[in-house]
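Given next are the chains, with one letter for each unit.
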Amino acid sequence: MSGQRHSGYGTGREALLAATVHVVARKGLRGLTFRAVAEQAGVNNTLVVHHFGKRDALIEAALEWSVQQSIGLSRLEALPATEDEFCRSILSLIEDNPDIQIFQYEMILESRRRPELAGPVQQLYDSYIQALSDGLERIGFGGQEGAARAAFAALDGLVLQLLAGANAKGVEAAIRYLWAALGGRVNNPAVNAG
């Protein structure tokens, strides 16, 4: 599939960003070339150069685009009001769009080798945490310092486990536990005993 064109991208800048995410998810950052993106999007590689100029500009734009897509698809800002909807939104994000998350993890790891990506990767985390904080506030779970960061760290790890092929039922149970914990419905015997 990696050499095939993806006709669902559409045209223009967004199509090139989606193609970039796909190429990196399939070939890693070392496989990212203007030619590979153009081939994936079904356009001439001069269009990629026209829109982005440099490879690093393409990478940063694709990272920002992928975060916006992921936040929207997972419904973090407009957090679902029920445990089932929350669980389904996270699980379907991975089932329906694994390339977005794979791309982001590639960028996170690459930022350790390329310091110029540290800023965009930090913005990735800030965007997710702010979206989740807004979503938690909207459904009445907000207000606790660090809650959104801790919840996102848990979700981030669970998404990575799903991508790595972990037991989906176990991950689903953990997502449901997280939902309950955010709402304060998890009983901790050590806390209650005191």
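All of the points below concern the structure found in this document. Chains are numbered independently. Their residues run from 1 in the order of the written sequence. A pLDDT threshold of at least 70 governs which residues receive local features in this predicted model, and a stricter bar of 80 or more applies before side-chain atom pairs are shown or counted, although totals over entire chains, interfaces and linings include all residues. Water and hydrogen atoms play no part in the side-chain values, which are based on all heavy atoms of the structure.

**Here we look at the pattern of salt bridges**
Applied cut-off: The salt bridge definition used is simple: a Lys or Arg side-chain nitrogen within 4 Å of an Asp or Glu carboxyl oxygen. Comment: elements are numbered from the N terminus, with helices defined as DSSP H or I runs of at least four residues and strands as E runs of at least two.
Inspection of the entire model under this criterion finds nine salt bridges. For the salt bridge of arginine 26 with aspartate 99, the shortest nitrogen-to-oxygen distance reads 3.3 Å. Highlighted residues: arginine 26 in helix H1 (residues 12–27) and aspartate 99 in helix H6 (residues 98–113), separated in sequence by 73 residues. One connected set of salt bridges, linked through shared partners, spans Glu83, Asp84, Glu172 and Arg176.

**A look at the packing of aromatic side chains**
Basically, it comes down to this: By convention, a stacked pair of Phe, Tyr or Trp rings (six-membered ring in the case of Trp) has centres within 6.5 Å and planes under 30 degrees apart, an edge-to-face pair has planes over 60 apart, and any other such pair is tilted. Exposure categories follow from relative accessible area, calculated using a 1.4 Å probe and restricted to protein chains: below 20% of the type maximum is buried, above 50% is exposed, and the middle band is partly exposed.
The tally for this structure, following the rule as stated, stands at three aromatic pairs. Consider the rings of tyrosine 128 and phenylalanine 152, whose centres lie 4.8 Å apart with planes at 20 degrees: the pair is stacked. Linking tyrosine 128 in helix H7 (residues 118–138) with phenylalanine 152 in helix H8 (residues 147–163), this pair joins segments that are 24 residues apart in sequence. The pair tyrosine 128 / phenylalanine 152 is uniform in exposure class, with both members buried. By the ring-pair criterion, three or more aromatic residues cluster together here, those being Tyr125, Tyr128 and Phe152.

**With respect to helix H4 (residues 55–74)**
For clarity, the cut-off: The span expected for a helix works out to 1.5 Å for each residue beyond the first.
If you check H4, its first and last C-alpha atoms are 28 Å apart, about what 20 residues at 1.5 Å a residue would give, namely 28 Å. Among all positions in H4, only Leu58, Ile59, Ala61, Ala62, Leu63, Trp65, Ser66, Val67, Ser70, Ile71 and Ser74 are buried. Arginine 75 lies just past H4 and shows a positive phi near 65 degrees.

**What to know about H1**
Counted at 1.5 Å a residue, the expected span for H1 with its 16 residues is 22 Å, and the 22 Å between its end C-alpha atoms agrees. Once H1 ends, the next one or two residues include glycine 28, with phi positive near 80 degrees.

**Side note on empty space enclosed by the protein**
Regions of empty space are outlined by a rolling probe, equal in size to a water molecule, passed over the atoms. We count it as follows: Detection works on a 1 Å grid of protein atoms alone, calling trapped sets that fit a 1.4 Å probe cavities and calling open sets with protein on both sides within 12 Å along at least five of seven lines pockets, with lining residues defined by an atom within 4 Å of a point. Grid points are joined across faces, edges and corners, and a volume is the space filled by probe spheres set on the points. Residue classes follow a fixed rule: Ala, Val, Leu, Ile, Met, Phe, Trp, Tyr, Cys and Pro count as nonpolar, while Asp, Glu, Lys and Arg count as charged, and any other residue, Gly among them, counts as polar.
In the structure shown here, the tally under the stated rule is one cavity of 30 Å³ or more. Within this model, the largest cavity holds a volume of roughly 160 Å³. Breaking the lining of the largest cavity down by element, the ones donating at least two residues are H4, helix H5 (83–96), H6, H7 and H8. Classifying every residue of the lining of the largest cavity by side-chain character gives 11 nonpolar, four polar and one charged.

**Regarding unusual backbone geometry**
Residues other than glycine predominantly adopt negative phi, and peptide bonds predominantly adopt the trans conformation. In this structure, arginine 75 is a non-glycine residue whose phi angle is positive, near 65 degrees. Position of arginine 75 among the secondary structure elements: in the loop between H4 and H5. Owing to a relative accessible area of 36%, arginine 75 belongs among the partly exposed residues under this scheme.

**Some thoughts on the packing of H4 against H6**
Condition: Between N-to-C directions, angles cover 0 to 180 degrees, with each direction set by a line fitted to C-alpha atoms, over the stretch in contact for helices. When an angle is under 35 degrees it counts as roughly parallel; over 145 it counts as roughly antiparallel; between 65 and 115 it counts as roughly perpendicular; any other value is oblique. If you view the pair so one helix is near and one far, a crossing is left-handed when the near helix is turned anticlockwise from the far one by less than a right angle, and right-handed when it is turned clockwise. Contacts are assigned to residue pairs with any non-hydrogen atoms lying within 4.5 Å of each other.
Remark: H4 packs on H6, axes separated minimally by 10 Å, with the N-to-C direction vectors making an angle of 135 degrees. What the angle tells us is that H4 and H6 run oblique. Crossing angle aside, the handedness with which H4 passes H6 is left-handed. From H4, Ile59, Ala62, Leu63, Ser66, Val67, Gln69, Ser70 and Leu73 reach across to H6, where they touch Ile100, Gln101, Phe103, Gln104 and Met107.

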